Amino acid sequence: MNPPTTLLIAAKDLRQRFRDRSALVLVFVAPLALAVLISLAFGSAQRFHADIAVVDNDGGPVAEAFTGMLRGEQLRDVLTVHPVADEATARERVDSGELGAAFVLPEGLSNAARGERVPDIAVLTSVDASVSALVANSVGEAFVAQLNADVLSVNTALAAGVPPQRAAELAREAAGSSLPEQVRPEPSGTKQVEVSSYYAPAMGILFMLFTIGFGARGWFSERDSGTLDRIAVAPLRPGSLLVGKALATFGYGVASLSTVAVVTSLALGADWGPPPAAGAIIVVMALSLVPLTALVIAVSTTQRQAEGIAATVTFGLALVGGNFVFLSTAPPLLRTIAMLTPNGWALRALTDLSSGAPWTSIGVPILAILAFCVVTAGAALLLARRRVTR
Amino acid sequence: MSTLAIAAASLRRTLRDRVALFFIVALPIIAILVVGATIQGATDIKVAATEGRGQLAESLLNEIERTDGLTVVVRPDEQAARESLRRGEVQAAVLVPDDLGEVLRSGATVDIPVLTTAATESEQAALAAVRAAVAEHATPLQAAVFAADQAGGTPASRLELARQLRAATPSVELRAEAVNADRGILPAGFSYSAPTMLVLLVFINAVAGGSTMVENRKLGIYQRALAGPVLPRQLVLGETMFYGSMALLQSGLIVAVGAVLFGVNWGDPLAATVLVLLWALVGTGAGMLSGTLFRTPEQASAIGPPIGIAFGMLGGCMWPLELVPPALRAAGHATPHAWAVDSWTVLLAQDGGLVDIAVPLTVLAAFAVVLLAAAVHRMRRALV
């Protein structure tokens, strides 16, 4: 095989594509524009903080303890407590979105500490603030759990044989106990993959897949215009043409995804992990486009068919591989199916890198993508051979 | 007659194309499935938990699982739990200590590490929910320790008594109430993905389908048709009918598939029909405009989908617009998509009718008129 000829063909193909403005849009402009859009949409959805109202109809020690807990060290960064005079005002302010949620403490709540039945604590929430609702409910539950545990402690001790005249003393002592199971929040030491760091490679890979269509269409348009026949009579080995075209598709893919990686890292702060590791994934992902393009050419007979099949392959892989949706929240079955696609593996490797996985984590994804290459290349060869012998 | 013949010819050609059928039939089903399943998972708060050992560890996990809006994923060990957390599959990881049971039964206190990565909304929610469940679980344990302390015996021996007394002991309860329960957002899952994918895919297919028109133009089909007894007006009308029927065909399929396969209730039939018709007109206008604007079929099929995807993202087809900053939500309403999704939200989530979506329908009608007028104008100019 003659390397310069192969390179010449590849360079010519690349030049031709870069002259076509629609190709530039598809491969450079579109993924960047969509990555920007997504980071605008999700860039600010970060720290949680809620404004919570307390309507105190009790005025006793339990209500005081409750408000104290809401204002305490543990929740200081999460909640701001606003005293509100009555329930109607609280409802209005929760409905308008001014407050995330409101607690209405019933009259006589403090009698609960003496083991009396008391009305429920109402938690007013808004359907528009589901997280505030969950947080308010959970914080309330944790408080009443301690309160209920103190009352239960007294009752259990009495039932276990402590004389009833000690009840008041028991209640005082129980109020000082704390639940024997406590949650200890700990930073995990790793980052969680952020939505912007997920979608930057997701969009980059999606538009990289469109390259398959360009390659396949190019092949048939050259065949139809007789270029391929003319090249065939030139003193070239038959393989040079194929290798040259494959190289062009590969180069185009690498250029596309690398551009997205560099621009989104610099401009949007997307995290692609250590550059050599990310680079390796970009290279194998681009490599997988080559046999895929060959397969599309092998199964198609006309340019129109090739375009259609390429589009089907592109959208099918993108949908299943997780390029459109944040796959982490998908059911496990979908996440498993995504691992049948090279883009699914590439995306997993890149998001793992961005969330702080060691560079060695790319080993399995690279092998998986290469295996996919072998399978598609084998299928393409088999089909091409059958077509020739027929 | 010629008008119908033109529309029918284009329609026949498209329906014979098996690949086009993939985009019209199969793609929407896959998209509804994937997006619906993912969105469903996105609104739930998930925590990973290590299994721990023994009966108390089991009852603790059960208690966490009982929390509304919280899903527990049991992982075999700490490393697996950490991995789930890092990948964003869960918002927190509860590391149940292996010796939980022994320590608690001895009367000592156990710290349960809960790992989070940041102070984001969902992580705070996960942490608070786990805290509440742990407190609930610890209630009889505290009573058992206290009773053993006061009346003798071991905490383990008093635990059963505490559990028995629990039901009879008065307790303070919380009563959650949504003040605006009648104001719905699109419910997560397929009821979100089916209408939004209808909006997204009908538009994308129409815009990408503009390539057929570009091809017709390049091949001189229009010029040849005009050589016969066909008026430019009929040609324009024929193409309009073709794009309109394609959009309606796909919409009808998505509505049927949504209802039959995914159990989507499309709301008030009259309002839904008007909405589908108007959206088909918007798609028709956009498709024909793309057919007159692009110079090569490649351009139409290359630039059409990204524009469709971008509009879909801006308009709330890929995620609910409630999640994005207000400025972006406002900007999203520059696309017809946002108005269509708003309308579907009213129909599906709030049981609204035609009157309730009058405003977005008017906006959609305006979009349709502008797009169609521009397309017809450009096409006529190219033909005459």
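Structure: see above.
Just so it is clear, the structure is predicted and the values come from calculations on it, not from any experiment.

1. With respect to a nonpolar patch on the surface
All names here are of chain A. A cluster of nonpolar residues, Leu7, Leu242, Val243 and Leu247, forms a patch on the protein surface that exposes about 330 Å² of accessible area. A total of three residues in the nonpolar patch trace back to one element, the largest contributor, which is helix α10 (residues 238–268). When its relative accessible area of 33% is taken as the criterion, Leu247 is described as partly exposed.

2. Section: the pairing of strand β1 (residues 50–56) of chain A
Moving residue by residue along a regular strand, the side chains alternate between the two faces of the sheet. All names here are of chain A. The buried fraction of β1 is high, at five of seven residues. In the sheet, β1 pairs with strand β2 (residues 79–83) via five bridges, with the strands oriented parallel. Looking at the pairing, Asp51 lines up with Thr80 of β2. Once the chain exits β1 it traverses helix α3 (residues 61–71) before rejoining the sheet at β2, and the crossover so formed is right-handed.

3. Re the sheet that holds β1 of chain A
The five strands lie next to each other as β2(A)-β1(A)-β3(A)-β4(A)-β5(B), forming an open sheet whose pairing is mixed. For this open sheet the edge positions go to β2 of chain A together with β5 (174–178) of chain B, each flanked by a neighbour on one side alone. Strand-to-strand twist across the sheet, computed as the mean angle between neighbouring axes with direction ignored, equals 25°. Those strands touched by helix α4 (residues 87–95) of chain A are β1, β3 (101–105) and β4 (121–125) of chain A together with β5 of chain B, and its axis lies near 30° from that of β4 of chain A. Its contacts with the sheet place helix α5 (residues 130–159) of chain A against β1, β2, β3 and β4 of chain A together with β5 of chain B, and it is angled at close to 170° to β5 of chain B.

4. With respect to the sheet that holds strand β5 (residues 181–187) of chain A
Within a sheet, adjacent strands bond to each other through the backbone by hydrogen bonds, running parallel or antiparallel. Taken together, five strands build an open sheet; the order of strands is β5(A)-β4(B)-β3(B)-β1(B)-β2(B) and the sheet is mixed. Two strands in the sheet have a free side with no partner beyond their single neighbour: β5 of chain A together with β2 (70–75) of chain B. Recorded for the sheet is a direction-independent mean angle of 30° between the axes of neighbouring strands. The pairing of strand β1 (residues 45–50) of chain B with strand β3 (residues 92–94) of chain B spans three bridges and is classified as parallel. Looking at the pairing, Val47 of chain B lines up with Ala92 of chain B of β3 of chain B. Of the strands in this sheet, β5 of chain A together with β1, β2, β3 and β4 (110–116) of chain B touch helix α3 (residues 55–65) of chain B, which is tilted by about 145° from β2 of chain B. Against the sheet, helix α6 (residues 121–151) of chain B makes contact with β5 of chain A together with β1, β2, β3 and β4 of chain B, and its axis sits at roughly 160° relative to β5 of chain A, the strand it touches most.

5. Section: the nonpolar core
Ranked by internal contacts, the top residues of the largest apolar core, which has 154 residues, are Trp272 and Phe324 of chain A together with Trp279, Met313, Trp319 and Trp344 of chain B. Here this core takes 13 residues from helix α8 (residues 190–219) of chain B, the largest share from any one element. Residues Val54 and Val118 of chain A together with Val96 and Val114 of chain B belong to the second largest nonpolar core, which totals 60 residues.

6. Examining the interface of chain B and chain A
Listed by partner, the interface residues are 103 residues for chain B and 108 residues for chain A. When the two sides are added together, the surface that chain B and chain A hide from each other amounts to roughly 9,400 Å², 63% of it contributed by carbon and sulfur. The tally of links from chain B across to chain A stands at five salt bridges. Across the contact surface, chain B and chain A share 29 residue pairs in polar contact (both at pLDDT 80 or more). At 24 residues, α6 of chain B tops the list of elements feeding residues into the side of chain B that touches chain A. Taken together, the residues that form the side of chain B that touches chain A break down as 64 nonpolar, 18 polar and 21 charged. By the bridge criterion, five bridges tie β4 of chain A to β5 of chain B in an arrangement that is parallel. Bridging across to β5 of chain B, Val123 of chain A finds its partner in Ala176 of chain B.

Analysis parameters
- Residues numbered from 1 in each chain as written.
- Chains lettered and ligands numbered in written order.
- Predicted model: local features only at pLDDT ≥ 70, side-chain atom pairs only at ≥ 80, totals over all residues.
- Heavy atoms only, no water.
- Patch = residues over 30% accessible without salt bridge, like charges linked within 9 Å, V, L, I, M, F, W, Y side chains within 5 Å.
- Areas by Shrake-Rupley, 256 points an atom, 1.4 Å probe, with all protein chains shown as cover.
- Salt bridge = Lys/Arg side-chain N within 4 Å of Asp/Glu carboxyl O.
- Helix = DSSP H or I, 4+ residues; strand = E, 2+ residues; numbered from the N terminus.
- Buried < 20%, exposed > 50% of the residue type's maximum accessible area, 1.4 Å probe, protein only.
- Pairing = 2+ DSSP bridges.
- Right-handed = clockwise from strand over helix to strand, strands pointing away.
- Axes fitted to C-alpha atoms, helices over the stretch in contact; angles between N-to-C directions.
- Contact = heavy atoms within 4.5 Å.
- Core = buried A, V, L, I, M, F, W, Y, C linked by side-chain atoms within 4.5 Å.
- Buried area = accessible area lost by both parts, 1.4 Å probe.
- Polar contact = N/O pair within 3.5 Å; in protein donor to acceptor, adjacent residues only side chain to side chain.
- Nonpolar A, V, L, I, M, F, W, Y, C, P; charged D, E, K, R; others polar.

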